[in-house]
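Okay, here's what each chain looks like letter by letter:
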Amino acid sequence: MAIVTTTEMFRKAYEGHYAIGAFNVNNMEIIQGITEAAKAENAPLILQVSAGARKYAKHVYLMKMIEAAVEDTDLPIAVHLDHGPDFETCKSCIDGGFSSVMIDGSSLPFEDNIAQTKKVVEYAHDHGVVVEAELGRLAGVEDEVKVSAEDSSYTRPEDVEEFVSRTGCDSLAIAIGTSHGAYKFKGTPTLRFDILEEVERRLPGFPIVLHGASSVIPEYVEMINKYGGNMPGAQGVPEDMLRKAAGMAVCKINIDSDLRLAFTGVVRKHFAEKPADFDPRLYLSEARTAIKGMVQHKIVNVLGCNNKA
Ligand code: G3H
Ligand code: 13P
Ligand code: ZN
């Protein structure tokens, strides 16, 4: 199996009322934990790389490790640029072997978002690569960008047909109340399913993407807090809401924070219990195992994409 685009994955997910997990990768143990989980559950998979991950690990290292994972698992795996900030970054990922890129023009005025997205779509499609775009603005923290709740905005359903037809994008991320990071809701979690429904009605069959979709799994937050961390008030998207979205037009669900929490929780526990250890293979293998278990849980209980590879 070679690296694939998301086209076929999304078509089947839409028709089958499930979603594909898009997990952020930054190093070998994260890649292995996620891909071992997908292998165990025979699930299609999207591995996504942010600009920050490329800066941290270098494009070529991540690409070669993902190629190794494809060879090792024989699964359909798409390699996606997460939150591409500009045309040049998208081009560099397309030229460097990614099968999918996101151009994130969500902070731009409508016409500028269209122009930038269209430029990326033209280059990507010429090279057999698909494009995710974004309309509406999520709150939260991604890399150096922090969007306050006041600066966030829900997607306006009346804009989506024009945006998709004028840009030619292949999938669309929308803002319905999720946010990036570990502090998503101040009070009761609420998502605007009415917006998702209206988008679905206006774009029948078109794949929708949900960012900021970690559940901020309490088990790992508690582990972090028990072993010296300090994350009071951390709160994520309830799993039943994600399952509901996956049954609707949402075909791609983005998860990063839950990976970070599982990794960090287990490493903190390791050093609290074995303070004399100094072999990275010992604590990194525990982190990899935790990620595998967490991703298997998502695939089976949240995404519903087990046995869909
Ligand atoms: O949505 C953003 C992802 O969580 C990636 O985060 O830019 O810190 O790698 P990052
Ligand atoms: P979380 O912070 O909820 O994991 O969202 C990740 C994401 O949207 C990556 O693009
Ligand atoms: Zn995101």
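Everything discussed here concerns the structure shown above.
Residues numbered from 1 in each chain as written. Chains lettered and ligands numbered in written order. Predicted model: local features only at pLDDT ≥ 70, side-chain atom pairs only at ≥ 80, totals over all residues. Heavy atoms only, no water.

(A) The coordination of the zinc ion (ligand 3), seen in detail. For the zinc ion (ligand 3), every protein donor is listed as His83 (NE2), His180 (NE2) and His211 (ND1), and the spread of their distances is 2.1 Å. Donor residues binding the zinc ion (ligand 3) come from one chain and are separated in sequence as H-x96-H-x30-H. One end of the pair, His180, is in strand β9 (residues 179–180); the other, His211, is in the loop between β10 (208–210) and α9 (218–226), and 31 residues separate them in sequence. We classify His180 as buried; its relative accessible area is 14%. (Donors = N, O, S within 2.8 Å, 3.2 Å for Na, K, Ca; no water. Helix = DSSP H or I, 4+ residues; strand = E, 2+ residues; numbered from the N terminus. Buried < 20%, exposed > 50% of the residue type's maximum accessible area, 1.4 Å probe, protein only.)

(B) Structural context of the packing of helix α2 (residues 28–41) against helix α4 (residues 59–73). Two elements in contact, α2 and α4, have axes separated by 10 Å at closest approach and are oriented at 25°. One way to sum up the angle between α2 and α4 is to call them roughly parallel. Read as a crossing pair, α2 and α4 show a hand that is right-handed. Of α4, the residues touching α2 (which contributes Met28, Ile31, Thr35 and Lys39) are Leu62, Met65, Ile66, Ala69 and Thr73. The residue inventory of the contact of α2 with α4, partitioned by class, reads six nonpolar, two polar and one charged. (Axes fitted to C-alpha atoms, helices over the stretch in contact; angles between N-to-C directions. Parallel < 35°, antiparallel > 145°, perpendicular 65-115°, else oblique. Left-handed = near helix turned anticlockwise from the far one by under 90°. Contact = heavy atoms within 4.5 Å. Nonpolar A, V, L, I, M, F, W, Y, C, P; charged D, E, K, R; others polar.)

(C) Local environment of the site of ligand 2. What surrounds ligand 2 is a group of 15 residues, the closest being Asp82, Lys184, Ser214, Asp256 and Ser257. In this structure, an oxygen atom belonging to ligand 2 sits 2.6 Å away from a side-chain N or O atom of Lys184. One of the side-chain nitrogen or oxygen atoms of Ser214 is found 2.6 Å away from an oxygen atom of ligand 2. In isolation ligand 2 has 310 Å² of accessible area, and contact with the protein removes 96% of it. The set of elements that each furnish at least two residues to the shell around ligand 2 consists of β3 (77–84) and β11 (250–255). Classifying every residue of the shell around ligand 2 by side-chain character gives two nonpolar, ten polar and three charged. (Near = heavy atom within 4 Å. Polar contact = N/O pair within 3.5 Å; in protein donor to acceptor, adjacent residues only side chain to side chain. Areas by Shrake-Rupley, 256 points an atom, 1.4 Å probe, with all protein chains shown as cover.)

(D) Just unusual backbone geometry, in detail. Unusually for a residue other than glycine, Asp74 sits at a positive phi of about 60°. Note that Asp74 resides in the loop between α4 and β3. With a relative accessible area of 46%, Asp74 lands in the partly exposed category. Backbone geometry places His83, a non-glycine residue, at a positive phi of 50°. Within the secondary structure, His83 sits in strand β3. Residue class for His83 comes out buried when judged on its relative accessible area of 13%.

(E) Summary view of the pairing of strand β8 (residues 171–174). Burial along β8 is two-sided: the residues Ser171 and Ala173 and Leu172 and Ile174 are all buried. Where strand β5 (residues 130–135) and β8 come together, four bridges link them in parallel fashion. Note that in β8 the partner of Ala133 across the bridge is Leu172. Sheet analysis places β8 next to β10, joined by two bridges and oriented parallel. Counterpart to Leu172 in the pairing with β10 is Ile208. (Pairing = 2+ DSSP bridges.)

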